[in-house]
Amino acid sequence: MPSLHILDQVAIPKGQTAHETLVQTTKLAQLAETLGYERYWFAEHHSTRGLASTAPEILMAHIAAHTSTLRTGSGGILLPQYSPFKVAEVARQLEALYPGRIEIGVGKSPGGIERTRLALTDGMKKDLSQFDRQLKDLLFYLSDSLPSGHPHAGVKAAPLVPSPPPVWLLGLGENSAMQAASLGINYIFGHFIHPARGKKAFETYQSHFSPSAFSRQPQSMFAVFVICDETDEEASRIASSTDLWLLRVEKGLDSRVPSIEEAAAYHYTEQEKKKVLHNRKRMVVGSKQTVKEQLQMLMDRYQTEDIMILNNSFDQLEKQRSFERIAELF
């Protein structure tokens, strides 16, 4: 039986404030819990007017406080920009508050353009090549296993908790899959970003996994945009606002979600039409039957039944109904 999860980028529809969008996010998380979704994660984005999730750890605490059983996590913390020790203490603080409900997803993303990255690090230039070392240090701090020869040997991440929260590595191909496998941590593939390399990534992760204190067996999932409606045609119409939103985001333009009416009135160039078709490969869009078939194909391809769903629809009610229909499928 598939397990369903949500990754929320907290995309702000045009005409809404960040506060209004976050209020709707809380309601959606509460609905997701009643529908049987198991996880509710938050992305991390900076210096953008259209995405209201800049501090996933704060949103994790907020959602955990407003739900009872839902696991909440980051998808993911931009580890290259931060201290592994600080990330470990944030993770342990959350775990102490909400035992067994916290998950830490980390990624190698630089966090935006250079100006934004430097602002995040207070002007210090940080090399992405340090990510491997940072990830290992994070695991050391979370498991109280810093080697004696480590520069920070003897430092303990606080507060102390009975067991560390699960760690997930976000990735887009074989390199990240191999890294997660060799460290014995969980792996999530970003199908919604770069679907072409998914099959090889999952094969790499499964075949090279080495058990660790964090996970005794491989655990993986994939993240994908999903919009489900009564018919394929209606689902495609609703997805049109996401089509235009993605197009603008990729051009570095307004990142607030446009309405369906605005998308319908937009005049696409031939090149933009090709890009929209290409981006639809990052999505599953259709009726309940179509969505079920396409998600099953992805589960078969990736050999995992854990599906993390994104939906950045303009209309909150349509978004809720889509998640309801998907829950009914399984």
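Structure first, text after, so check above.
Below: a short report on this structure. (Residues numbered from 1 in each chain as written. Predicted model: local features only at pLDDT ≥ 70, side-chain atom pairs only at ≥ 80, totals over all residues. Heavy atoms only, no water.)

In this section: the pairing of strand 6 (residues 167–171). Counting buried residues in strand 6 gives four out of five residues, a clear majority hidden from the surface. Bridge count for strand 6 against strand 7 (residues 186–190) is four bridges, and the pairing is parallel. The partner of Leu-170 across the bridge, within strand 7, is Ile-188. Taking the sense of rotation as the criterion, the β-α-β connection linking strand 6, helix 6 (residues 174–183) and strand 7 turns out right-handed. (Buried < 20%, exposed > 50% of the residue type's maximum accessible area, 1.4 Å probe, protein only. Helix = DSSP H or I, 4+ residues; strand = E, 2+ residues; numbered from the N terminus. Pairing = 2+ DSSP bridges. Right-handed = clockwise from strand over helix to strand, strands pointing away.)

Looking now at the environment of Val-291. Tracing the backbone through its elements, the reader meets Val-291 in helix 11 (residues 288–302). A sequence separation of 64 residues divides Val-291 from Ile-227, and the C-alpha atoms of the two residues are 8.1 Å apart.

Below, the discussion takes up the packing of aromatic side chains. Counted under the stated rule, the structure contains 13 aromatic pairs. Aromatic side chains Tyr-187 and Phe-202 sit 6.1 Å apart centroid to centroid with 75° between the ring planes, which places their arrangement in the edge-to-face category. Within this pair, whereas Tyr-187 is found in strand 7, its partner Phe-202 is found in helix 7 (residues 198–208), the two being separated by 15 residues in sequence. Arranged with centres 6.0 Å apart and planes meeting at 70°, the rings of Phe-189 and Phe-202 form a pair that is edge-to-face. Separated by 13 residues along the polypeptide, Phe-189 in strand 7 and Phe-202 in helix 7 bring together distant segments of the chain. Note on accessibility: Phe-189 and Phe-202 belong to one class, buried. The structure contains a cluster of three or more aromatic residues connected by ring pairs, namely Tyr-187, Phe-189, Phe-202, Tyr-205, Phe-209, Phe-222 and Tyr-302. (Phe/Tyr/Trp six-rings, centres within 6.5 Å; stacked < 30°, edge-to-face > 60°.)

Residues Tyr-37, Leu-135 and Ile-185 are the most contacted members of the largest nonpolar core, which totals 65 residues. For this core, the leading source of residues is helix 5 (residues 131–143), giving six residues. What Tyr-37 contacts, discounting residues up to four positions off in sequence, is Leu-4, His-5, Ile-6, Ala-32, Leu-70, Ile-309, Phe-323, Ile-326 and Ala-327. Of all hydrophobic cores here, the second largest spans 22 residues; its members include Leu-51, Trp-245, Met-308 and Leu-310. (Core = buried A, V, L, I, M, F, W, Y, C linked by side-chain atoms within 4.5 Å. Contact = heavy atoms within 4.5 Å.)

We now examine the side chain of Glu-44. Tracing the chain through its elements places Glu-44 in the loop between strand 2 (39–42) and helix 2 (56–65). Despite its burial, Glu-44 pairs with no opposite charge; the closest candidate is Lys-126, at 11 Å N-O. In this structure the side chain of Glu-44 is engaged in a polar contact, spanning 3.3 Å, whose partner is the backbone nitrogen of Leu-78. There is a polar contact of 2.3 Å between the side chain of Glu-44 and the side chain of Tyr-82. Those residues in contact with Glu-44 that sit more than four places away from it in its chain are Ser-53, Thr-54, Pro-56, Gly-76, Ile-77, Leu-78 and Tyr-82. (Lys, Arg positive; Asp, Glu negative; His and termini not counted. Salt bridge = Lys/Arg side-chain N within 4 Å of Asp/Glu carboxyl O. Polar contact = N/O pair within 3.5 Å; in protein donor to acceptor, adjacent residues only side chain to side chain.)

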